[in-house]
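The primary structure of each chain is shown beneath.
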Protein chains: 2
Amino acid sequence: MASLLADAALLEDGFAHNVRITHADGTITALQHGAMAAPGDEHVPGILLPGMANLHSHAFQRAFAGLSEFDGGGGDFWSWREAMYRVADRVTPALCTPIAAWLNKELLKGGYTSAAEFHYVHHRPEGACYDVRTEMAKALAAGAAAAGMGLTILVGVYETAGLDGSPLAGGQRRFRNDVAQALDMAVSLQEGSISAGLALHSLRAVPPASVRRAAEDFAGPIHIHVAEQRAEVEACVAALGAPPVAWLLDNVAVDHRWCLVHATHAEPDEITRAARAGAVIGLCPTTEADLGDGIFRFGDLAAACGSFGIGSDSNVVLDAFQELRLLEYGQRLRVERRNLAAAGEGHTGRALWQQAALGGAQACSRKIGRLAPGYRADFVVIEPTFETADAAADFVLDAAIFAAVRAPARHVMVGGAWIVRDGTHIREAAIDEAYRHALKALAA
Amino acid sequence: MASLLADAALLEDGFAHNVRITHADGTITALQHGAMAAPGDEHVPGILLPGMANLHSHAFQRAFAGLSEFDGGGGDFWSWREAMYRVADRVTPALCTPIAAWLNKELLKGGYTSAAEFHYVHHRPEGACYDVRTEMAKALAAGAAAAGMGLTILVGVYETAGLDGSPLAGGQRRFRNDVAQALDMAVSLQEGSISAGLALHSLRAVPPASVRRAAEDFAGPIHIHVAEQRAEVEACVAALGAPPVAWLLDNVAVDHRWCLVHATHAEPDEITRAARAGAVIGLCPTTEADLGDGIFRFGDLAAACGSFGIGSDSNVVLDAFQELRLLEYGQRLRVERRNLAAAGEGHTGRALWQQAALGGAQACSRKIGRLAPGYRADFVVIEPTFETADAAADFVLDAAIFAAVRAPARHVMVGGAWIVRDGTHIREAAIDEAYRHALKALAA
């Protein structure tokens, strides 16, 4: 049992001052605001936020961050995907661990305390299983554990190369996994105490019968890429008679288990229905900009009181504050107004952080994302900018998202342990060194 | 005379290795690639870029960065402008210097080595001139000098409150300056060795006769806000019979002196004509997103081989690399493809950096923005990310813009002197302290 006293903390109904938080075994046990310091309290100067969940990450994609920004290296999403396949073809379990460790270390410094790894590179390059079918999954989990990140591993289902049922070939052979195998893997990982869910890659890759089986047989989180690219939506309409989100809503029990990742080209009616069904929309603003996907219709989600969270996805930007800024900026550019996430009530920063933390928690199906007894002791501490030094805590959070001149997360605690102190991870040097070696081996 | 030897440097036709640069009195005197180290050479590990020009900055606006992100504090551009006027109403010459010093210090750390200050807060709050009419301009210049930033001060012309010729009132009284006064001020500042130009605030604020007089009587840089908001374009069409860019092209000699700031809602034909006229388009991607302006038609400018540069404008983001990323990302979101600035040739990062540096140099009318004899010795040194440690220099620049996990500018030289070393400004602590005091005084 330990306790800390924060100058200010973001509780469910807003910022409170002098908040005393007691935690034991990684979980918040008690919380009091307007508290006096008690003996043994650790004083936390600054403003304490619940840790952010990163609901969509492909860890290995960090290994080629910055290496596809040239013509021929990615004129569009599909040519970028070819570059991604070349890396996917070369990663091994031994390389996954240091890559995931480094990535998750940086994500922690960026204010994320949980990550959902959408994991689809399962097998040996030629397509045969590793001796232990979950070897790649476990290697990724080991990397996240080395960094101290709370992980939910989403076991990929990948059966076909397209909506016509064409078979997997080339780089996709490593991804082959049917829904029965994925369910087995998720159960076996969970028995090993790793939090697990299902990652239906997309309607391109998972036929209707398998989507139905997942929805019927699995009680945990089910994530799926949907409506990221117009070509994908058109192919889905041609093959299944409806765009992806509508098809899911019409054919399976979409509910609170579901995270619809991207939904960039979903129509207003699809968004409203998904929101009412209780699904989370997984927005990845940086990757959706980087890949030229387009801008999600956030206003329709907000109007339906729908849930959303954020994901670092291709992992070119690893800071939750920047991700939220780009989410809001995309909407400002779309509708030509300001402060859209606030939706007429209060501060944009708080609206973005709280909603994304709760949506991310739902997508991970874990007790995270809020400061309350029974929730995991995951905290991010930010400090005021010069301009907000004497301002209320709401402005400090606004400034961390919209006007930071350095990474806002100063200290980060996961499950009751400080992992980042003064912007530095506790195992920075060792993780850097292992990553450097892994990248050399990947390039060799 | 001093010399340095860089591992790689961005020359006009691309990256070269082992580049020896000699400079004297702040200017590059000789440049050789494939060079051997000579006695007295300073070795610069990493990749050396020409410094970036920030072609559009309102320094005082930094003082409320992060303080307008709530409903009621800025539902749209016009309500944000009210918040901005409240700060503009309170700044004094004594406060301008430490604000400009801090802002420019951070901009230097962000890779900018020159700034064009679009300066329109000239007078005392009630509208009377200071004893010296250029007192505010000189206070801003003193701040930039304290930080070591190369400055071009653009003297604002602000005559009317709207296209109907309505008089200035309230917060705008401090801005009142007719074109004759602005020309006098620009000349007097230049005699004091400050580089100066004209800032025609907008067609709202500067009547046709004054725009014509500026174009006829001034040989230096002329900047103007144009087509930032749809309401402004509509008002211009109603009052002058044409949208702002077309009106300028039809009525004055728009040429290489002109910087058209924003041009967000300019039509393709206007963009093509402005490009052919030799004007620079001043893009401020962060501010244009923050204020919900919209996304510029970059493709039309590129097709006409037009010039552009970047500006930090409202100064919420102070990093040139992030500004260029958002420029490219906005275009990717607009046209749903990748690597647009590269326009089919090579690396996106290099295309963005080189074009923006040259366009910014033109907008400042100074010999900056390229590594060549006769140009100012302004350098930004970046280092590889982990992923680009063994990659060619082009990838390192791509990664600095698109995949950085910390501020990419490690060392910055302005006019032959190192101002930023290892990410730290040489006068960091003193400038921070003065800024802290200034903000307290501003709030008091």
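Chemist: Which parts of the structure should I look at to understand the sheet that holds strand E1 (residues 2–11) of chain B?
Modeler: Hydrogen bonds along the backbone pair up the strands of a sheet, which may run parallel or antiparallel. Residues and elements named next belong to chain B. Spatial strand order, E3-E2-E1-E4-E13-E14-E15-E16: eight strands in an open sheet with mixed pairing. Pairing within the sheet leaves two strands with one partner each, and these edge strands are strand E3 (27–32) and strand E16 (424–425). Bridge analysis of strand E13 (residues 379–382) against strand E14 (residues 409–414) gives four bridges, and the strand direction is antiparallel. Looking across to E14, one finds that Ile 382 is bridged to Ala 409.

Chemist: Teacher, can you tell me more about the side chain of His58(A) here?
Modeler: All names here are of chain A. With respect to the helices, strands and loops of the structure, His 58 is situated in the loop between strand E5 (52–57) and helix H1 (77–88). We classify His 58 as buried; its relative accessible area is 2%. Polar contacts involving the side chain of His 58 include one to the main-chain carbonyl oxygen of Phe 118, which spans 3.0 Å. For His 58, the contacting residues outside a window of four places in its chain are Glu 117, Phe 118, Tyr 120, His 225, Asp 313 and Asn 315.

Chemist: Before we go on, may I ask you to explain the packing of aromatic side chains in this structure?
Modeler: When we look at a pair of aromatic rings, we describe it by the centre distance and by the angle of the planes. Here the structure, examined in full by the defined rule, presents 30 aromatic pairs over all chains. Considering the side-chain rings of Phe77(B) and Trp80(B), the 6.1 Å spacing of their centres and the 40° angle between planes classify their relative orientation as tilted. Of this pair, Phe77(B) and Trp80(B) both sit in helix H1 (residues 77–88), three residues apart, which is roughly one turn of that helix. For the pair formed by Phe77(B) and Trp80(B), the shared burial category is buried. Taken together through their ring pairs, the aromatic side chains of Phe60(A), Tyr85(A), Tyr120(A), Tyr158(A) and Phe175(A) make up a single cluster. If you follow Lys367(A) out to its NZ or CZ, it ends over the ring of Tyr375(A), 4.7 Å from the centre.

Chemist: What is the right way to read the interface of chain A and chain B from this model?
Modeler: Size of an interface: often given as the accessible area lost when the parts come together. Contacts between the two partners involve 64 residues from chain A, matched on the other side by 64 residues from chain B. Considering only the side of chain A, the residues that lose the most area to chain B are Arg338(A), Phe386(A) and Glu387(A), jointly responsible for 16% of the buried surface there. Linking chain A to chain B there are 16 salt bridges. Residues Arg337(A) and Asp76(B) are paired through a salt bridge, measuring 4.0 Å at the closest nitrogen-oxygen approach. Taken together, chain A and chain B are joined by 34 residue pairs in polar contact (both at pLDDT 80 or more). Mapped onto the side of chain A that touches chain B, the elements with two or more residues apiece are H1, helix H2 (93–109), helix H9 (285–290), helix H11 (320–335), helix H12 (348–364), helix H13 (393–402) and helix H14 (428–443) of chain A. If you tally residues by element for the side of chain A that touches chain B, the top one is H11(A), at six residues. Of the residues that constitute the side of chain A that touches chain B, the class distribution is 26 nonpolar, 17 polar and 21 charged.

Rules of the game
- Residues numbered from 1 in each chain as written.
- Chains lettered and ligands numbered in written order.
- Predicted model: local features only at pLDDT ≥ 70, side-chain atom pairs only at ≥ 80, totals over all residues.
- Heavy atoms only, no water.
- Pairing = 2+ DSSP bridges.
- Helix = DSSP H or I, 4+ residues; strand = E, 2+ residues; numbered from the N terminus.
- Buried < 20%, exposed > 50% of the residue type's maximum accessible area, 1.4 Å probe, protein only.
- Polar contact = N/O pair within 3.5 Å; in protein donor to acceptor, adjacent residues only side chain to side chain.
- Contact = heavy atoms within 4.5 Å.
- Phe/Tyr/Trp six-rings, centres within 6.5 Å; stacked < 30°, edge-to-face > 60°.
- Lys NZ or Arg CZ within 6 Å of the ring centre and 35° of its normal.
- Buried area = accessible area lost by both parts, 1.4 Å probe.
- Salt bridge = Lys/Arg side-chain N within 4 Å of Asp/Glu carboxyl O.
- Nonpolar A, V, L, I, M, F, W, Y, C, P; charged D, E, K, R; others polar.

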